[in-house]
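Per-entry structural report
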Amino acid sequence: MPHIARSPKQLGVAIHRARKQKGMSQTELARLAGLRQELVSKIETGQEGTRLSSIYALFAALDLEMVIDQRSGKSVPDIENIF
């Protein structure tokens, strides 16, 4: 099921859900992605400043892909939904 992520927090929630659906711990995911468990935790909690390469490593480990598409919804976005 697709998830919309418009912020680091929403992206973290989507990664967390995908990890849980696969029955993995943060440590297992980190090992598969070649990252540290602490970094997986930071990403899942939406902390900013994560390298895009780390996100892609998690996507690969979770068998996910990123799709870029036009925004859906309101014609005039609220400022909080822009970022």
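Read on for a plain summary of the structure. Predicted model only: the values in this text are computed from it and were never measured. (Residues numbered from 1 in each chain as written. Predicted model: local features only at pLDDT ≥ 70, side-chain atom pairs only at ≥ 80, totals over all residues. Heavy atoms only, no water.)

**So, the environment of Ser7**
Summarising the element assignment, Ser7 is placed in the segment before α1 (8-21). Measuring from C-alpha to C-alpha, the distance between Ser7 and Glu48 comes to 9.1 Å, with 41 residues separating the pair along the chain. (Helix = DSSP H or I, 4+ residues; strand = E, 2+ residues; numbered from the N terminus.)

**Let's talk about the packing of aromatic side chains**
Taken as a whole and assessed by the stated rule, the structure comprises one aromatic pair. Residues Tyr56 and Phe59 carry aromatic rings whose centres are separated by 6.4 Å and whose planes lie at 80° to one another, so their mutual orientation is edge-to-face. Placement of the pair is Tyr56 and Phe59 together in helix α4 (residues 52-62), with a separation of three residues, close to one helical turn. With a relative accessible area of 41%, Tyr56 lands in the partly exposed category. Owing to a relative accessible area of 9%, Phe59 belongs among the buried residues under this scheme. (Phe/Tyr/Trp six-rings, centres within 6.5 Å; stacked < 30°, edge-to-face > 60°. Buried < 20%, exposed > 50% of the residue type's maximum accessible area, 1.4 Å probe, protein only.)

**Quick look at the pattern of salt bridges**
Under the criterion given, the structure shown has two salt bridges. With a closest N to O distance of 2.6 Å, Arg19 and Glu44 form a salt bridge. In this pair, Arg19 is assigned in helix α1 and Glu44 in helix α3 (residues 37-44), connecting sequence segments 25 residues apart. Neither Arg19 nor Glu44 differs from the other in exposure class; each is buried. With its nearest N and O atoms 3.4 Å apart, the salt bridge here joins Arg36 to Glu38. The exposure class assigned to Arg36 is exposed, which follows from its relative accessible area of 58%. Overall, Glu38 belongs to the partly exposed group, its relative accessible area being 42%. (Salt bridge = Lys/Arg side-chain N within 4 Å of Asp/Glu carboxyl O.)

So yeah, pure geometry; function would need other evidence.
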